[in-house]
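Letter by letter, the chains look like this.
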Amino acid sequence: MDKRQSIASTGVDAVRALTPERDLRRQWAAAEKACFDAGAAYLAAVEQFDGLTTTQAQAAFQNAARALVDAAAEVDRFYGAHRDELEQARSALAATPRLAQEAKALAEKSQLAVASADPAFVDYPSVRSAFRTVDDAVTSLDSAMASRDPLAARSAAAQVREAAAALDEALAAAPRRVTEATSALASVRTRVEAVRTRFARLAPAFSTLLREFNAASSADLSHNERASARHIEQADEDLSAARASSGSGNPEEALEYIAQARAHLADAEKLVDAVTDRVERLREVKADPTKTEHAVRFKLRDAQQLALNRGLVAEWGSVLDAQLARIDRANAALTGAHPDYWSYLQDLKSISGFITGVIDRMRGSAR
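In this report, we go over the structure that sits alongside the text. (Residues numbered from 1 in each chain as written. Predicted model: local features only at pLDDT ≥ 70, side-chain atom pairs only at ≥ 80, totals over all residues. Heavy atoms only, no water.)

### Brief notes about the overall build of the protein
Next up, step 1: Looking only at helices and strands, the protein has 14 helices and zero strands in total.
Next up, step 2: Across the protein, helices and strands are ordered from the amino to the carboxyl terminus as α-α-α-α-α-α-α-α-α-α-α-α-α-α.
Next up, step 3: Over its C-alpha trace the protein gives a radius of gyration of 38 Å, far above what one expects of a compact globule, namely 21 Å for 367 residues.
Next up, step 4: Reported as C-alpha extents along the three principal axes, the dimensions of the protein are approximately 125 × 75 × 20 Å.
Next up, step 5: In the protein, which comprises 367 residues, the share counted as buried stands at 35%.
Next up, step 6: Of the contacts formed within the protein by residues at least 6 apart in sequence, a portion of 78% connects residues at least 24 apart.
Next up, step 7: Working note: accessible area of the protein is about 20,700 Å², and carbon and sulfur atoms make up 53% of it.
Next up, step 8: Considering the protein, the positive charge centre built from 47 side chains and the negative charge centre built from 52 side chains are found 5 Å apart. (Helix = DSSP H or I, 4+ residues; strand = E, 2+ residues; numbered from the N terminus. Rg over C-alpha atoms; globule rule 2.2 N^0.38 Å. Buried < 20%, exposed > 50% of the residue type's maximum accessible area, 1.4 Å probe, protein only. Contact = heavy atoms within 4.5 Å. Areas by Shrake-Rupley, 256 points an atom, 1.4 Å probe, with all protein chains shown as cover. Lys, Arg positive; Asp, Glu negative; His and termini not counted. Charge placed at Lys NZ, Arg CZ, Asp CG, Glu CD.)

Written out as structure tokens, the structure is:
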């Protein structure tokens, strides 16, 4: 019984240590108490009747023996019900020190590889950062092992393995950085020129907006030219810094500057496109102001039909009717020699979005 109790108890402790949410102590309590009670009964019988063969002594030993057998059976029933979980937890717990040592061996191997690598690579930011991450992960693993926290130790061991793999990857990638930086520099130089070419279209496009459309239709774009020009200047500055870093043997720093330059160029392009796209969109609306409006009216009719089909007219009918009035007001605002087509489009977009929300809610209420 003692042997069975010990095996089961260590399994319960292992489950609790590795998966606290699956604590089995409550289920184990009855079997454990039976073991303690049976052991106590046996020890009491030995203390009182050892060496005696009286009827009372025989009865005491027979009762103790039955209690031991029953307790062992109770342990067996518990263990049988949770065998896989208990055995897996005990095995995993026993393997934790080995996992920790294997993880630390991988960390040491990765760091030794850095020590024997080309000295130029050791100073790359990616390699330095990955090396420090390995150090920190090993420190956390040592701390978890010292505190006898197997769950934390296994998690820390996994982090050490990941950190070591990341260091190996950074070191393996280091020789390619020079080529990557050289290629990226050429690519960004080409893109800068392309963005400048697109930027040249911005001023004429904005002039077209002012000449052909209501001034309110382009008021939100009035700063795009200056902002776009500044992004291109900043991309140039980053490109110069990237050249300097590449020339001084720091390709990773060069790649960081190149990434910044690309981000500025992307922002510059968005600002240019916002103006040129606005011209195209407003011309489309000017040529046929009712096209977008008809699409919104069609969506509204669909929503009204849905409300009717699902018996939701009382709840949503007046709300949808109000959207028809909003569409009519947006259309009525298109007056004068230069109607504000942009506000008209924004109003229709808002109405369309509102109708979509109502449709979603009606469909959801019917589930």
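And the narrative resumes.
### Details of the environment of Asp 135
Next up, step 1: Tracing the backbone shows Asp 135 in helix H6 (residues 125-146).
Next up, step 2: A C-alpha to C-alpha distance of 55 Å links Asp 135 and Arg 363, two positions 228 residues apart in sequence.

### Thoughts on the pattern of salt bridges
Next up, step 1: Enumeration over the complete set of coordinates arrives at 20 salt bridges.
Next up, step 2: Between Arg 196 and Asp 236 there is a salt bridge, with its nearest N and O atoms 2.2 Å apart. Of the two residues, Arg 196 is situated in helix H8 (residues 177-199) and Asp 236 in helix H10 (residues 224-247); the sequence distance between them amounts to 40 residues.
Next up, step 3: The class for Arg 196 is partly exposed, based on a relative accessible area of 31%.
Next up, step 4: Of the charged contacts, one joins Arg 198 and Glu 269 as a salt bridge, the two residues approaching to 3.1 Å between their closest N and O atoms. Here Arg 198 is found in helix H8, whereas its partner Glu 269 is found in helix H11 (residues 251-287), with 71 residues between them in sequence.
Next up, step 5: Accessibility expressed as a relative area gives 26% for Arg 198, which makes it partly exposed.
Next up, step 6: Judged by relative accessible area, Glu 269 falls into the buried class, the value being 16%.
Next up, step 7: Three or more residues are tied together by salt bridges with common partners; here these are Arg 176, Arg 177, Glu 180 and Glu 252. (Salt bridge = Lys/Arg side-chain N within 4 Å of Asp/Glu carboxyl O.)

Bear in mind that shape data such as this cannot, by itself, settle questions of function.
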